[in-house]
Every structure is written in C-alpha cells, then in structure tokens.
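Analysis of the macromolecular model
The lines below spell out each chain.
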Amino acid sequence: MSMNKLSILAGGVAAAAITAGAYAQEPVSLTIVSWGGAYTESQVRAYHEPYMEENPNVEIINDDGSANALAGLRAQSQAGNVTWDLVDMLPSDAQLACDEGIILPIDHDEMLAPAPDGTPASEDFLPGSLGECFIPQIVYSTILAYNTDLFPEDAQPDSIEALFDVENYPGRRALQDRPGTNLEWALYADGVAPEDIYDVLATPEGQDRAFAKLDTIKDHIVFWTEGAQAPQLLADGEVAMATGYNGRIFNAAQVEGQPFDIIWDGQIVEWDGWVVPADGQNIDAVMDYLYYATDTQRLADQAKFISYGPARASSAPLVGEHADLGIDMNEHMPTNPDNYFSPIVLDNDFWTDYGDELRERFANWMLQ
C-alpha cells in the first residue's frame, strides 16, 4: 500500500486517522466518474488496472458522468445518497463544489505522494494547478481540428481566424454547446490578444463583441455535447472543422487513422483532475487510490495512452513513447514548445464568477 497515514476533513470535522490498507480487509467497490472514451481508457490502463492488480480486494467501476458532474454531485448530496466515490471534474466546477461543501478539502502534502526526490506534492504539481479541493491529473487543450481531405493541399486552415472564415474555408463547424472556448476564440479571432481576453470578456461590451463574432458563423454551426462527438462529426464529413480535446483528436488521427490535423493556434489550456465527494461511503479506500494514481510514475504513465501532459513537474521527464504505437508522445503534448506558441490559459476564476450568466446567455443564443 502506498501511504502510512492521512487525515480527512469533512464538514469541518476531523475524521480519525486512517492507516493505508485497513479498508482492504473486506472487498470494496469504487465508482469512479470520468469523461468516457479514449480519456477513460487512458485512466483505466494507467491507474485503475495496475491499482486493482496490487489491491485484489478493490473493484473499480467506471461511470461516464463527468459532463454533468457538478449537477450530479449536487443532486446526490441533496438527496443524502452519494453513490460516486471519486469524480473527474474541471477546476471551475470543482471550486463551486468546494465552496458548497459537497467535496472534501485536500491537504496536498499529507494526502499526496512526494516526488521521487522528496519534493512535496505542493511544490511538484505545476504552479496554479492545485485547488483547495482539487487534485490535477493532466494539462490538456481544447483545439480546433479539421478534416484534411476537405481542403486543398495548398489551402489548409492554420489559425483560429479560419474558423470564422467560411468564404476561404467553407463547410460546417462543430462547436461545443457551452460558452467556454467559443467566447475566448471569438475575441481572439476579432483581434484581442490572448493576455487581454478575460479583461475584455468581463465587460458587457466585450461579451456583446464575442457573441457578434459568433453570429457571423451561426448558420454554419453544429453543436456537440460529448467529447466523442467532435471527432465523429469530422470523420463522417458532417463538418469540415471541429473544436475538440487534443487527446480525442490525437486518438482519432494516430490510433484510428482519421485524416485529421490539429490547429495549435489559440489552444485553450486547462487542467483536469479529481475531487472527492464529501459524503462518499469509501473515503479511506479512495484516498489510498488517489495517493497511488497521482504519483509521479502514474501521471507519466497516462501519457503512454493519450496526448495529455502530466500535471507534475517530476513526471515530464518520464514521458516517452505511446504504449501501442511506439511514437514519441512529447511532440503531441499541448505544452511542447512547437505547439505552445499562442496559448490561451483558461481563467477558472473568471468562469467561476461569470459562468452561470454566460451559460444562460449562450444557451439562449443557441436557440435563437
């Protein structure tokens, strides 16, 4: 087992210290919620299967509920019936859940493994990635991808501006049905520098400007909800371009052989990670799993299966080849210098403050 002792705070009350492995005297089943598809598969191969092999009394059940994780946790907490043990969640939603007290605060240096050289977890995870109740796994990007077969070789799109240029780059576009990414890219394509986007978007004038830019392609948009839909729409030729998660597009292009290419210009860089429901039934087992699944080696191992960067500095040097394809994964990482030339780093504080208002406006805009 991975750790000696940890202390868990739930609702301001200190629980008894838990000795690792004590829970495993009896079989335990953990329901772990994530995003499905290639991403969940990467977690299964890098975390779940190795952990269950070392802990045969533990069974891990996957639930693809992360797209509605915050609403799901709220509903379970209100009903007094929390059935999820561990949830993969975006940082902005995690902050809201933390503020509402429905997920546990994390003492990072007590509950997470240090780096191999002894560096505490709080110093090894990438700057700004840890939250009060949030443990990051990966750095990923939402990018613009396109079907190379639908454009002439000498006229392939190469920028976010192409998303809004239906004259020179005809065809429908698939966008996610949420304001995040879409509003940032609308301003970026309209001439706002990446470092100024959130200052502009925080103003009524900036919000109007972003929606006006989106209006210019409204008739060419197909909306997607689940991450697997974007590459499928591209593969089917339903759209010429699609926003999507870089790991999903990597999997479709490199594993499935689809004729896709990624536009790294204006990539929206985000964290993704774990939260622990406050009223879960297997918290001791969950914490043991978390200690294991977020250590240096495990985070590096995930990059063998999907092109997302590990959230620990000590993991980066361990990133190597894809486990099945044998290709160097470093060049496919969002943070590779050749790809990281004009990033827009998602501002989770902005989306915590303005998210409800902008989600409502965006939902209304989609229906207009």
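For the structure given in this document, a descriptive report is provided here. Within each chain, residue numbers correspond to sequence positions counted from 1 in written order. Given that this is a predicted model, residues contribute local features only at a pLDDT of at least 70 and side-chain atom pairs are listed and counted only at 80 or more, while totals for whole chains, interfaces and linings are drawn from all residues. Each side-chain value is worked out from all heavy atoms of the structure, with water and hydrogens disregarded.

Bringing helix 13 (residues 348-367) into the picture now. Each α-helix winds once per 3.6 residues, and so residues spaced three or four apart point in a common direction. Largest kink in helix 13: about 65°, centred on Tyr-354. The backbone nitrogen of Asp-349 has a side-chain oxygen 3.0 Å away, supplied by the residue at the start of helix 13, namely Asp-347. The reported bend at a residue is simply the angle between two axes, fitted to the 7 residues ending at it and to the 7 residues beginning with it. Helix numbers and strand numbers start at the N terminus; a helix is a DSSP run of H or I with at least 4 residues, a strand a run of E with at least 2. Here a polar contact is taken to be a pair of N or O atoms separated by no more than 3.5 Å, where protein atoms must pair a possible hydrogen donor with a possible acceptor and residues adjacent in sequence count only if both atoms sit in side chains.

The next subject is a negative patch on the surface. Any residue with relative accessible area above 30% and no salt bridge may belong to a patch, with like charges joined within 9 Å and the nonpolar Val, Leu, Ile, Met, Phe, Trp and Tyr side chains within 5 Å. With residues, only the protein chains shown are counted as cover, and all accessible areas are computed by Shrake-Rupley using a 1.4 Å probe. Definition used for salt bridges: Asp or Glu carboxyl oxygen within 4 Å of a side-chain nitrogen of Lys or Arg. Charge convention: Lys and Arg are scored as positive, Asp and Glu as negative, and His as well as the terminal groups of each chain are ignored. Working definition for charges: the position is that of NZ of Lys, CZ of Arg, CG of Asp or CD of Glu. A cluster of acidic side chains, namely Asp-107, Asp-109, Glu-110 and Glu-123, defines a negative patch on the protein surface. Relative to the helices and strands, Asp-107 is located in the loop between helix 3 (91-99) and helix 4 (108-111). For each residue, the accessible area found with a 1.4 Å probe, counting protein chains only, is set against the maximum for its type, and the residue is called buried under 20%, exposed over 50%, and partly exposed in between. A relative accessible area of 40% means that Asp-107 is categorised as partly exposed.

Here a Phe, Tyr or Trp ring, Trp counted by its six-membered ring, pairs with any other such ring whose centre lies within 6.5 Å, and the pair is stacked when the planes are under 30 degrees apart, edge-to-face when over 60, and tilted otherwise. Going through the model one piece at a time under the given rule, you end up with 17 aromatic pairs. Their ring planes at 65° and their centres at 6.2 Å tell us that Phe-211 and Trp-365 sit as a pair that is edge-to-face. Highlighted residues: Phe-211 in helix 8 (residues 204-215) and Trp-365 in helix 13, separated in sequence by 154 residues. For the residue pair Phe-211 and Trp-365, the accessibility class agrees, reading buried in each case. For the ring pair Trp-274 and Tyr-289, a centre distance of 6.4 Å and an interplane angle of 80° mean the geometry is edge-to-face. Here Trp-274 is found in strand 12 (residues 260-275), whereas its partner Tyr-289 is found in helix 11 (residues 283-293), with 15 residues between them in sequence. Look at NZ for Lys and CZ for Arg. If either is within 6 Å of the ring centre and within 35 degrees of the ring normal, a charge sits over the ring. Across from the ring centre of Trp-365, 4.4 Å away, lies the NZ or CZ of Lys-218, which sits over that ring. Seen from the ring of Tyr-292, Arg-298 lies directly overhead, with NZ or CZ sitting 4.4 Å from the centre.

Right, let's talk about the environment of Glu-59 for a bit. Within the fold, Glu-59 resides in strand 6 (residues 58-63). A residue is classified by how much of its surface remains accessible, and Glu-59, at 45% relative accessible area, is partly exposed. Along the sequence, Glu-59 and Pro-259 sit 200 residues apart, while their C-alpha atoms lie 38 Å from each other. For this analysis, residues touch if any pair of their heavy atoms sits within 4.5 Å. If we skip the residues at most four places from it in the chain, Glu-59 touches Val-28, Ser-29, Leu-30 and Met-52.

So, on to the environment of Tyr-308. Position of Tyr-308 among the secondary structure elements: in the loop between helix 12 (296-302) and strand 13 (309-310). Remark: the alpha-carbon pair of Tyr-308 and Ser-141, spanning 167 residues in sequence, is separated by 8.1 Å. Sequence-distant contacts of Tyr-308, defined by excluding residues within four places in its chain, comprise Tyr-39, Ile-138, Val-139, Tyr-140, Tyr-245, Asn-246, Gly-247, Arg-248, Ala-303 and Met-333. Within polar-contact distance, the side chain of Tyr-308 engages the backbone nitrogen of Gly-247 at 3.2 Å.

Packed helix pairs are specified by the crossing angle of their axes together with the interaxial distance, meaning the distance between the axes. Where helices are involved, their axes are fitted lines through C-alpha atoms of the stretch in contact, as for all axes, and angles between N-to-C directions lie from 0 to 180°. Close contact between helix 8 and helix 13 brings their axes to 12 Å; oriented N to C, the two are set at 30°. As summarised for this structure, helix 8 and helix 13 are arranged roughly parallel, according to the angle between their axes. Handedness of the helix 8/helix 13 crossing: right-handed. Counted together, Gln-207, Asp-208, Phe-211, Leu-214 and Asp-215 of helix 8 and Tyr-354, Glu-357, Leu-358, Arg-361, Phe-362 and Trp-365 of helix 13 form the full contact between these two elements. By residue class, the composition of the contact of helix 8 with helix 13 is six nonpolar, one polar and four charged. With respect to orientation, any angle under 35 degrees is reported as roughly parallel, any angle over 145 as roughly antiparallel, any angle of 65 to 115 as roughly perpendicular, and every other angle as oblique. Crossing chirality is assigned from the near helix's rotation relative to the far helix, an anticlockwise turn below a right angle marking it left-handed and a clockwise turn marking it right-handed. All residues other than Ala, Val, Leu, Ile, Met, Phe, Trp, Tyr, Cys, Pro, Asp, Glu, Lys and Arg, Gly among them, are scored as polar; the first ten of these are nonpolar and the last four charged.

The next point concerns the environment of Ala-253. Position of Ala-253 among the secondary structure elements: in helix 10 (residues 246-255). It is 26 Å that separates the C-alpha atoms of Ala-253 and Pro-136, two residues lying 117 residues apart in sequence. Not counting residues up to four positions away in its chain, the partners in contact with Ala-253 are Gln-258 and Phe-260.

The disulfide definition used here is simple: a pair of cysteine sulfur atoms within 2.5 Å. Within this structure, the stated rule accounts for one disulfide. Here Cys-98 engages in a disulfide with Cys-133; their sulfurs sit 2.0 Å apart. Every disulfide takes its handedness from the sign of the S-S torsion; for Cys-98 and Cys-133 that torsion is 50°, giving right-handed. Remark: Cys-133 occurs in the loop between helix 5 (121-124) and strand 8 (135-147) and Cys-98 occurs in helix 3; sequence separation between them is 35 residues. Exposure class is identical for Cys-98 and Cys-133. Each is buried.

Burial runs high along strand 5 (residues 28-33): five of the six residues are buried. Being paired, for any two strands, means DSSP has found at least two bridges between them. For strand 5 and strand 6, the ladder comprises six bridges, and the chain directions are parallel. Each residue of the ladder has a partner; that of Val-33, found in strand 6, is Asp-63.

Glancing now at the pattern of salt bridges. Counting across every chain of the model gives twelve salt bridges. Notably, a salt bridge pairs Glu-238 with Arg-172, separated by 3.1 Å at the nearest N-O pair. Here the residue Glu-238 occupies a position in the loop between helix 9 (229-235) and strand 11 (241-245), and Arg-172 occupies one in the loop between strand 8 and strand 9 (173-176), the gap between them amounting to 66 residues. Classification of Glu-238 as partly exposed rests on a relative accessible area of 39%. Between Asp-208 and Arg-361 there is a salt bridge, and its shortest N-O distance comes to 2.8 Å. Of this pair, Asp-208 sits in helix 8 while Arg-361 sits in helix 13, placing them 153 residues apart in sequence.

From the geometry alone we can't say anything about function, so treat these as descriptive.
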